[in-house]
Amino acid sequence: WMLARSIASAHAALLQALPVVLCATTTEESLRRAYQAAVDAHRRHDLDEALARYRDVIAIHEPIAAVHNNIAAILLSRGEKSAAEVAWVRAVELKPTYPEAHYNLAVLLSEAAVAARAADESGVPHCEDTLRKAEQHCGLALAQRHGYVAAHHLMGNILMSKGDERAARRFYSLAETLAATEAMPAGDSAAFHVPMLDGVRVGHTQDVVIEDGTTTRVATTLSLRPLVFRIDALLTDAECDALIEVARPRLQQSLTMGDSTTERTSSSVFLPAATDALLEALQRRLASVAALPLVQLQRSEDLQVVHYTQNATFGMHHDSSSFLPRLLTAFYYLNDVEAGGETAFPATDGGVSPAEAMALDDPGAARAGLMVPPRKGSALLFYNHRSDGKIDPAAVHAGCRVLSGEKWGANHWVRLPRD
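All values reported here derive from a predicted model rather than from experimental measurement.

A. Highlighting the overall build of the protein chain. Within the protein chain one finds 14 helices and 15 strands. Across the 419 residues of the protein chain, 49% fall into the buried class. Put simply, 71% of the contacts in the protein chain that link residues at least 6 apart link residues at least 24 apart.

B. Looking closely at the nonpolar core. Within the largest apolar cluster, 54 residues are counted, with the highest numbers of intra-cluster contacts made by Y54, W88 and Y103. The set of elements that each furnish at least two residues to this core consists of α2 (25-43), α3 (47-60), α4 (65-77), α5 (81-94), α6 (99-119), α7 (124-144), α8 (149-161) and α9 (165-180). I231, L234, V289 and Y332 belong to the second-largest nonpolar core, a separate cluster that totals 40 residues.

C. Structural view of the packing of α3 against α4. Following both chains from N to C, one finds α3 and α4 inclined at 150 degrees, their axes separated by 10 Å at the closest point. Comparing the axis directions of α3 and α4 gives the class roughly antiparallel. Our pair here, α3 against α4, has a crossing hand that is left-handed. Touching L47, A50, L51, Y54, R55, V57 and I58 of α3 are V67, H68, N70, I71, I74, L75 and S77, all from α4. Its residues assigned to classes, the contact of α3 with α4 shows 10 nonpolar, 3 polar and 1 charged.

D. Representation of the sheet that holds strand β11 (residues 370-372) in the model. Pairing is antiparallel in the open sheet, where 4 strands are placed in the order β7-β13-β10-β11. Looking at the sheet topology across the chains shown, the edges are occupied by β7 (314-317) and β11. Direction aside, the axes of adjacent strands within the sheet are offset by 10 degrees on average. Taken together, the 2 bridges between strand β10 (residues 343-345) and strand β13 (residues 397-399) define a ladder with antiparallel strand orientation. Among the inter-strand pairings, T343 is bridged to a residue of β13, identified as G399.

E. Representation of helix α10 (residues 237-247) within the structure. Along α10, the residues that are buried comprise E239, C240, L243, I244 and A247. One side of α10 carries all its buried residues, which in axial view fall inside an arc of 135 degrees. Turning to α10, the residues buried within the fold contact β5 (267-271), α11 (277-289), β6 (303-308), β8 (326-333) and β15 (407-415).

F. Geometry of the pattern of salt bridges. Enumeration over the complete set of coordinates arrives at 22 salt bridges. Among the salt bridges present, the one from R32 reaches E28, with a minimum N-O distance of 3.7 Å. Remark: E28 and R32 occur in helix α2; sequence separation between them is 4 residues, near one turn of the helix. When its relative accessible area of 27% is taken as the criterion, R32 is described as partly exposed. For the salt bridge of E93 with R90, the shortest nitrogen-to-oxygen distance reads 3.5 Å. Of this pair, E93 and R90 both sit in helix α5, 3 residues apart, roughly one helical turn. Here E93 falls in the exposed class, since its relative accessible area comes to 52%.

G. Molecular detail of the packing of α4 against α5. Packing of α4 against α5 leaves a shortest axis separation of 8 Å and a crossing angle of 165 degrees. By the angle class used here, α4 and α5 are roughly antiparallel. Where α4 crosses over α5, the two elements pack in a sense that is left-handed. Listed contacts from α5 to A65, H68, N69, I71, A72, A73, L75 and L76 of α4 are K81, A83, A84, A87, W88, R90, A91 and L94.

H. Geometry of the pairing of strand β1 (residues 205-209). Only one face of β1 is buried, namely the one carrying Q206 and V208, since none of T205, D207 and V209 on the opposite face is buried. In terms of strand pairing, β1 meets strand β2 (residues 216-224) through 5 bridges, oriented antiparallel. Within β2, the residue paired with V208 across the bridge is R217. Hairpin connection from β1 to β2: 6 residues lie between these consecutive antiparallel strands, with G213 at a positive phi of about 85 degrees.

I. A look at unusual backbone geometry. P226 follows R225 through a cis peptide bond whose omega is 0 degrees. Structurally, P226 can be placed in the loop between β2 and β3 (227-231). The phi dihedral of H45 is positive, around 65 degrees, even though this residue is not glycine. Along the chain, H45 falls in the loop between α2 and α3. Take H45: its relative accessible area is 31%, and that puts it in the partly exposed class.

J. Looking closely at the packing of aromatic side chains. Tallied over the full model, the rule gives 5 aromatic pairs. Plain terms: the ring middles of F270 and W413 are 6.4 Å apart, the flat faces sit at 45 degrees to each other, and that makes the pair tilted. Here W413 lies in strand β15 and F270 lies in strand β5, a separation of 143 residues in the sequence. Using a relative accessible area of 40% as the deciding quantity, one classes F270 as partly exposed. The ring of W413 has R326 sitting right over it, with the charged end atom 3.7 Å from the ring centre. Here the basic side chain of K407 rests over the ring of Y308, its NZ or CZ set 5.1 Å away from the ring centre.

Parameters and conventions
Residues numbered from 1 in each chain as written. Predicted model: local features only at pLDDT ≥ 70, side-chain atom pairs only at ≥ 80, totals over all residues. Heavy atoms only, no water. Helix = DSSP H or I, 4+ residues; strand = E, 2+ residues; numbered from the N terminus. Buried < 20%, exposed > 50% of the residue type's maximum accessible area, 1.4 Å probe, protein only. Contact = heavy atoms within 4.5 Å. Core = buried A, V, L, I, M, F, W, Y, C linked by side-chain atoms within 4.5 Å. Axes fitted to C-alpha atoms, helices over the stretch in contact; angles between N-to-C directions. Parallel < 35°, antiparallel > 145°, perpendicular 65-115°, else oblique. Left-handed = near helix turned anticlockwise from the far one by under 90°. Nonpolar A, V, L, I, M, F, W, Y, C, P; charged D, E, K, R; others polar. Pairing = 2+ DSSP bridges. Arc of directions from axis to C-beta. Salt bridge = Lys/Arg side-chain N within 4 Å of Asp/Glu carboxyl O. Phe/Tyr/Trp six-rings, centres within 6.5 Å; stacked < 30°, edge-to-face > 60°. Lys NZ or Arg CZ within 6 Å of the ring centre and 35° of its normal.

Here you go:
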């Protein structure tokens, strides 16, 4: 999702710049046609076609930084991280003042460093060098683009990985401050409305259509504030097992969002939809169930599979922020848990206040508000924002401690539309 803005700006900038790229009219026209074909394919999310057409562009005229940036984004979505890094390095070589390419390269390098450190402690010196490069590119992104919210947040992550917590918190705080000015769309915020399922009342059931257009599942309203639904059998047992097996060898220690002291002891991995037919099917299924445009899912975040061993937990937190505005969370339960592992919403109607909920050390023991037990194949859908687009404080929640066995789940986060 972080690449969407830089890709869009690259499209516009390159189309404007093409008249001065080449002098030969015929070659220029060929370049225009190839690039427009790449843009059209990219916008309809046909990534294989887009990649092929972008490569046609660089075969005609190689030194175009924006094209290398877009190629890198597609390669990363396909899991080809090394090739993506090469493309982003080439983009910043061609245009050293390209903030989006520096930022994207910094993201890739920082994630590689964290993954390498988790996999092999003996590789720490190499990790530190990679983190240093990530910090350098993130700093260049910040220097070239004033108020770059995502880059401020990324710098916080990099500094936290380097152990400089005080400096990291400064960047997290600044990212939130900058993002707060962008949190609502321009114009009359009172007229802004986001599409949401109608909960009607607690206990209400309604049929929702999954991606084939004919099959339905039953959505049960568990809470009106926050708005929470449970859908049983949204995934088959085979689909749950397949997600676990894809994720298992790639798990890393989970992080919390931004400046947070919340306890989180799970491991997780993000799985790009373009790498697996099942992941693409889940995007379509959630779009259908939630009555949202598929493109909104495609421009949001990759599916995150999480694993909790016995005694693991994720304390009280909110899934959305001004920096990372997530309209909807769909949490898929991928296995049955022997004991514990509920999802707790202490601030639901009749529960405690959001502030009191955030102060709970052990939400599972408090048993306040709504407690949703894991059930293999079921999905929990809850809205982190109200219909006017503002964050709903009551959507704070926790993954209760696993008392026996293990817990597997997956998060699908849908971004708040900006228009």
